[in-house]
Each structure stands twice: as C-alpha cells, then as structure tokens.
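Examination of the molecular architecture
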Amino acid sequence: MTVDELPNIILEVNELNLGYGSLQVVFGASLNVRKGELIGLVGGNGSGKSTILRAISGMIKPISGKILFKGEEISGFEPHQMAMRGLAHVPMGRQLFPNLTVQDNILLGSYLPKLRPRRNNNLEKVYSLFPDIKNFSPMLAGSLSGGQQQMVAIGRALMLEPDLLILDEPSLGLSPLYVKQVMHAIRKIADLGFPVLLVEQNIKQVLQFSHRAYVLENGRLVLEGPSAELQGHPMIKKAYLGL
C-alpha cells in the first residue's frame, strides 16, 4: 500500500536492511506512523531498535529498503536535511549542553530561520507541557535530575515544530515517578497532533500509553498490532511481562 493510498502516513519504512560495516543488524523491517499516533518500537537490548531510528534520521545509510517521510523517499539523506524536513530526533542519553541554562538548551531547537519568529510562542507551549522545567529555566541543565533533563530534551525537539518526533529510550535511567511523567507527556504530545515513534525497552509502559506497537527481536520484527491487544498476547506476557 502506497502513501498516496494512505495519505495520513507520515513515515513509512519498507523492507529495511541495516548494519555497520559487514555486520547486518536489522533484517527486512517494515513499519509506519500516521498523523496523531504514538507508535512503540520495543524489544530487548541489542535488538536493533536504535539502529532503525538512526537510519530514519540520516545518521546511517541503509543497506537496502526504502524510507518515506511525508511521501518523499529520504533513504540516505543527511541528519540536517531531515531536520529541515520536520524530523526531530531525541537521542538516547538526552545529550544536553550541561553548562548552558535550561532555557538556552530548549531554544537551540529553534535554530532554523523560519522558526525564529515563533520562538517565544513555542517556548511557552513547551513550558505549558512541562510546567516543572519553567521553574528551572535559569538553572544550568547539568544540575537537573535525569527526568528533568529528559523533559528539556523533548522540549528542545518540540521547538522544531516537528512533523514527526522520534524518541530513543526516554525512560532510561529515570525513577519510576519520572518514567510515568515522561510517558504521560509523550502521549499528550501525540494527542496534540504530533506523530511520535518511541523506542523503548520498557514494554509494559509503552503498551500502556501507545496506540500501536512493533516488537523487534534479533533485528527482525516478530509482532505488531494495537497496543491494547498486544498486552494480552501470550508471547508478550511470557517473554516481556513475566506472566
């Protein structure tokens, strides 16, 4: 099925094969993200989840397969080209500038010239989504907790006014309280109309908050479907939920 037949598709990945040098780590992966959806891409450590995100955002080149973003084939594009087309990637580990203030870190997301006239308005939208970090805006980003830093990283990405937000392990290293807060915020972002592709090991949380999910094992997609249905799938219960 083509993007023209499904005009609400923002991202379509078809039969993607990925690797590093002579080592192939992703085999024939296909997935899609539609407008307003929060999509989970879940699996264990080393299953290839982050590699798929790197290919989508232009950090690595596919061995074969196609990536379509808003109907345009972007396989092999550079990261800055993807950012200019409206893709925002929040990497694992947040990668903030610790010696800059919280507000300065967030404002870095509005570096494209077309965004600068709306910078203050978008900043207020970020603060309304994450009211806690508004109180920390003059503080150095390095002084914040992991959960607070994750909110800053997501806020910085939203300053790009993205057509697609991709998040790599946003709950990694967070306390249970902040995991819930961050996941609630991510779902709210999707509900506001921003499509989100979320990579996580925390399968229970992802299936609770996402609309649909894909399960990746050893570089191959082995399961997909509505998240509510996957919560009750025997494989999910046995392999990931310990039931």
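Let me sum up the structure you'll find in this document. (Residues numbered from 1 in each chain as written. Predicted model: local features only at pLDDT ≥ 70, side-chain atom pairs only at ≥ 80, totals over all residues. Heavy atoms only, no water.)

**What to know about the overall build of the protein**
A tally of helices and strands in the protein yields ten helices and ten strands. The buried share among the 243 residues of the protein stands at 51%. With the model as given, the accessible surface of the protein reaches about 11200 Å², and the carbon-plus-sulfur share is 53%. Measuring between centres, the 24 positive side-chain charges of the protein sit 4 Å from its 20 negative side-chain charges. (Helix = DSSP H or I, 4+ residues; strand = E, 2+ residues; numbered from the N terminus. Buried < 20%, exposed > 50% of the residue type's maximum accessible area, 1.4 Å probe, protein only. Areas by Shrake-Rupley, 256 points an atom, 1.4 Å probe, with all protein chains shown as cover. Lys, Arg positive; Asp, Glu negative; His and termini not counted. Charge placed at Lys NZ, Arg CZ, Asp CG, Glu CD.)

**Thoughts on the pattern of salt bridges**
Following the criterion strictly, the structure yields eight salt bridges and no others. A salt bridge links arginine 187 to aspartate 191; its shortest N-O distance comes to 3.1 Å. Of this pair, arginine 187 and aspartate 191 are both found in helix 7 (residues 176-191), four residues apart, which corresponds to roughly one turn of the helix. (Salt bridge = Lys/Arg side-chain N within 4 Å of Asp/Glu carboxyl O.)

**Observations concerning a nonpolar patch on the surface**
A cluster of nonpolar side chains, Phe97, Leu100 and Leu108, forms an exposed patch at the surface whose accessible area comes to about 250 Å². When you line up the elements, leucine 108 lands in the loop between helix 3 (102-107) and helix 4 (119-129). (Patch = residues over 30% accessible without salt bridge, like charges linked within 9 Å, V, L, I, M, F, W, Y side chains within 5 Å.)

**Some thoughts on the sheet that holds strand 7 (residues 164-168)**
Ordered in space as 6-7-8-3-9-10, the six strands form an open sheet in which the pairing is mixed. Each edge of the open sheet is held by one strand with a lone partner, namely strand 6 (87-90) and strand 10 (220-226). Mean inter-strand twist for the sheet, computed between neighbouring axes without regard to direction, equals 15 degrees. Pairing of strand 6 with strand 7 involves four bridges; the strand directions are parallel. (Pairing = 2+ DSSP bridges. Axes fitted to C-alpha atoms, helices over the stretch in contact; angles between N-to-C directions.)

**Description of the sheet that holds strand 2 (residues 23-34)**
What links the strands of a sheet is backbone hydrogen bonding, and the strands pair in either a parallel or an antiparallel sense. As summarised here, the arrangement of the four strands in space is 2-1-4-5, forming an open sheet in which the pairing is antiparallel. Each edge of the open sheet is held by one strand with a lone partner, namely strand 2 and strand 5 (72-73). Direction of pairing for strand 1 (residues 9-20) relative to strand 4 (residues 64-69): antiparallel, over a ladder of five bridges. Bridging across to strand 4, glutamate 12 finds its partner in leucine 68. Strands in contact with helix 1 (residues 49-56) are strand 1, strand 2 and strand 4; relative to strand 1, the strand with the most contacts, it is inclined by about 115 degrees. (Contact = heavy atoms within 4.5 Å.)

**Side note on the pairing of strand 7**
Of all five residues that make up strand 7, five are buried, and the element is covered over most of its length. As defined by bridge partners, strand 7 adjoins strand 8 (residues 196-200) across four bridges and the pair is classed as parallel. Each residue of the ladder has a partner; that of leucine 165, found in strand 8, is valine 196. In the classification by handedness, the crossover that spans strand 7, the intervening helix 7 and the parallel strand 8 is right-handed. (Right-handed = clockwise from strand over helix to strand, strands pointing away.)

**Brief notes about the pairing of strand 9 (residues 212-217)**
Among the six residues of strand 9, five are classified as buried, and the element is accordingly described as predominantly covered. Judged from the four bridges that link them, strand 3 (residues 38-42) and strand 9 form a sheet pairing that is parallel. Along strand 9, the bridge assignment pairs isoleucine 39 with arginine 212. Where strand 9 lies against strand 10, six bridges are found, and the strand directions are antiparallel. Note that in strand 10 the partner of valine 215 across the bridge is leucine 223. In sequence, strand 9 turns back onto strand 10 through a hairpin of two residues, with asparagine 218 there showing a positive phi of about 50 degrees.

**Comments concerning the packing of aromatic side chains**
Note on aromatic pairs: each is described by the distance of the centres and the angle between the planes. Taken as a whole, this structure holds zero aromatic pairs when the rule is applied. Positioned above the aromatic ring of phenylalanine 27 is the side chain of arginine 220, whose terminal nitrogen or guanidinium carbon lies 4.1 Å from the ring centre. (Phe/Tyr/Trp six-rings, centres within 6.5 Å; stacked < 30°, edge-to-face > 60°. Lys NZ or Arg CZ within 6 Å of the ring centre and 35° of its normal.)

**A short note on the nonpolar core**
Counting 49 residues, the largest nonpolar core has Ile106, Ile154, Leu165, Ile186 and Val196 as the members making the most contacts within it. Leave out the neighbours within four places in its chain, and leucine 165 touches Ala88, Val90, Ile154, Ala157, Leu158, Ile189, Pro195, Val196 and Leu197. Of all hydrophobic cores here, the second largest spans 29 residues; its members include Leu16, Phe69, Leu87 and Leu216. (Core = buried A, V, L, I, M, F, W, Y, C linked by side-chain atoms within 4.5 Å.)

**Examining helix 7**
Since one α-helical turn is 3.6 residues long, residues separated by three or four positions face the same way. Between the first and last C-alpha of helix 7 there are 23 Å, a value that for 16 residues agrees with the 22 Å anticipated at 1.5 Å per step. Listed as buried for helix 7 are Tyr178, Val179, Val182, Met183, Ala185, Ile186, Ile189 and Ala190. Projected onto a plane normal to the axis of helix 7, the buried residues spread over an arc of 160 degrees and lie on a single side. Exposed positions of helix 7 whose direction lies more than 90 degrees from the buried face are Pro176, Leu177 and Asp191. Where helix 7 is buried, its residues meet strand 3, helix 4, helix 6 (146-158), strand 7, strand 8 and helix 8 (203-209). One or two residues past the end of helix 7 sits glycine 193, with phi positive at roughly 110 degrees. (Expected span 1.5 Å × (residues − 1). Arc of directions from axis to C-beta.)

Such coordinate-based values are descriptive only and should not be taken to indicate function.
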